[in-house]
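# Close look at the chain arrangement
The primary structure of each chain is shown beneath.
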Amino acid sequence: MREFRVLEIKESIFEDNNKDAQELREQLKSENTFLLNLMSSPGAGKTTTLVKTIESLKERLSIAVMEADIDSDVDARTISETGVKVIQLHTGGMCHLDADMTRQGLKGLDAKGTDLVILENVGNLVCPAEFDTGATKNAMILSVPEGDDKPLKYPLMFKVSDVLLINKIDVMEYFDFDLDLCIERVKKLNPNIKIFPISAKTGEGIKEWTDWLYNEVKGE
Amino acid sequence: MHELGIMFHIVDQVLRVVEDNELSEVEAIVLQVGELSSVVPRYLHACFPAATSGTMLESTKLEVEVLTANGICQNCNKVFAVIEYDRVCPQCYSEDIEIISGSEFYLKEIRAC
Ligand SMILES: Nc1nc2c(ncn2[C@@H]2O[C@H](COP(=O)(O)OP(=O)(O)OP(=O)(O)O)[C@@H](O)[C@H]2O)c(=O)[nH]1
Ligand SMILES: [Mg+2]
Ligand SMILES: [Zn+2]
């Protein structure tokens, strides 16, 4: 019979990744690159919003994009039509990106000197919220058809996000989506979060959002 | 289901402890999961064999301790188990509750030699 001893560890499961993410965040800061981590459910409008965001900012900022689809390069091709540098990350079936994968993506992108790198994370409201990518800021998109009760169901995602885009407001009248109630629920979870109602389709609200983002990138 | 990805992280974390402490065998891994954390203990168990396959942890046991989620009533300050009482204060029936614990997710300890 072998003698087993107990090794107390008491470490958060996310500890290693958290440390790694913090290092990456500091490194990016020293290189003057702003990394935006964009998260949402599948189909909430990440790619469409990204295209609009790039169109609005590409004259003023150098931009690059990392696409983290699990298994296709459709979004990467859509983004490349805007003319910015884009890389497809292979998550190997994983449901999220961690700081290490993000760092490898940045290397592959050769992102040094880029003002703004946007990471389109895997479409999912659970796992990406738990794995810090090292991003400067986290953005989340909630689209109107998903319902105003999402903050109640996925609180962590709303807590870790610095900015929330409520997308597809052009179809608001077809859904019983209560914008004020939704904002109230979100603010209860995260009082400091910035919220922009937008339509990536019609362009409504995009200027407010990209003005905010521009100021964040320029550190004003 | 995101437990498999998380399980791979846990296996890495344990293997690092194994290396640092020059261990030769791990009998058990003990995790602590809060009732409100987004991982489901049953799924953790389900993907453990896949995550340990091909490593020295193949015959290691996985133990998961569930930590109660507590909340404090904003009306009368009673602290109570929010899941058990369905988010309603058992003392004054207020639903204005602040969650104070339950989202933990820890690698608590390992038993090894
Ligand atoms: N009506 C309306 N449709 C939109 C809006 N934004 C996006 N869509 C549509 O929603 C669908 C999904 O948009 P995408 O931009 O591909 O969403 P996504 O989050 O990148 O999707 P995944 O990468 O698959 O997770 C497309 O058919 C878009 O045309 C909007 O503001 N209004
Ligand atoms: Mg997309
Ligand atoms: Zn009470």
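Turning to the interface of chain A and chain B, a few remarks are in order. Each side of the interface is counted separately: chain A has 23 residues, and chain B has 27 residues. Counting the surface chain A buries against chain B, the share from its top three residues, F4(A), L7(A) and I13(A), is 29%. One can count 0 salt bridges joining chain A with chain B. The tally of links from chain A across to chain B stands at 11 residue pairs in polar contact (both at pLDDT 80 or more).

Before going further, it helps to examine the sheet that holds strand β1 (residues 26-34) of chain B. Whether parallel or antiparallel, the strands of a sheet pair through hydrogen bonds between backbone atoms. Overall, mixed pairing links the 4 strands, which are arranged β1(A)-β6(B)-β1(B)-β2(B) in an open sheet. Edge positions in the open sheet fall to β1 (5-12) of chain A together with β2 (61-67) of chain B, since each of these has one partner strand only. Strand-to-strand, the axes of this sheet are offset by a mean angle of 20°, without reference to chain direction. Strand direction decides the pairing type here: β1(B) and strand β6 (residues 105-112) of chain B, joined by 7 bridges, are antiparallel.

A few words on the packing of helix α1 (residues 3-20) of chain B against helix α2 (residues 41-52) of chain B. Any two packed helices are characterised by how steeply their axes cross, that is the angle between the axes, and by the distance between the axes. All names here are of chain B. Running from amino to carboxyl end, α1 crosses α2 at an angle of 55°, the nearest separation of the two axes being 9 Å. The angle between α1 and α2 falls in the class oblique. α2 is crossed by α1, and the crossing has right-handed handedness. Residues E3, L4, M7, F8 and V11 of α1 form the contact with α2, whose participating residues are Y43, L44, C47, F48, A50, A51 and T52. Residues belonging to the contact of α1 with α2 are distributed by class as follows: 10 nonpolar, 1 polar and 1 charged.

A few words now on the coordination of the magnesium ion (ligand 2). Residue and element names in this part refer to chain A. Coordination of the magnesium ion (ligand 2) by the protein is provided by T47 (OG1), D75 (OD) and E120 (OE), with metal-donor distances spanning 2.1 to 2.2 Å. Between consecutive donor residues of the magnesium ion (ligand 2), the sequence gaps follow T-x27-D-x44-E. Of the two residues, T47 is situated in helix α2 (residues 46-57) and E120 in strand β5 (residues 116-120); the sequence distance between them amounts to 73 residues. Each member of the pair, T47 as well as E120, carries the same accessibility label: buried.

What counts, and at which threshold
- Residues numbered from 1 in each chain as written.
- Chains lettered and ligands numbered in written order.
- Predicted model: local features only at pLDDT ≥ 70, side-chain atom pairs only at ≥ 80, totals over all residues.
- Heavy atoms only, no water.
- Contact = heavy atoms within 4.5 Å.
- Buried area = accessible area lost by both parts, 1.4 Å probe.
- Salt bridge = Lys/Arg side-chain N within 4 Å of Asp/Glu carboxyl O.
- Polar contact = N/O pair within 3.5 Å; in protein donor to acceptor, adjacent residues only side chain to side chain.
- Pairing = 2+ DSSP bridges.
- Helix = DSSP H or I, 4+ residues; strand = E, 2+ residues; numbered from the N terminus.
- Axes fitted to C-alpha atoms, helices over the stretch in contact; angles between N-to-C directions.
- Parallel < 35°, antiparallel > 145°, perpendicular 65-115°, else oblique.
- Left-handed = near helix turned anticlockwise from the far one by under 90°.
- Nonpolar A, V, L, I, M, F, W, Y, C, P; charged D, E, K, R; others polar.
- Donors = N, O, S within 2.8 Å, 3.2 Å for Na, K, Ca; no water.
- Buried < 20%, exposed > 50% of the residue type's maximum accessible area, 1.4 Å probe, protein only.

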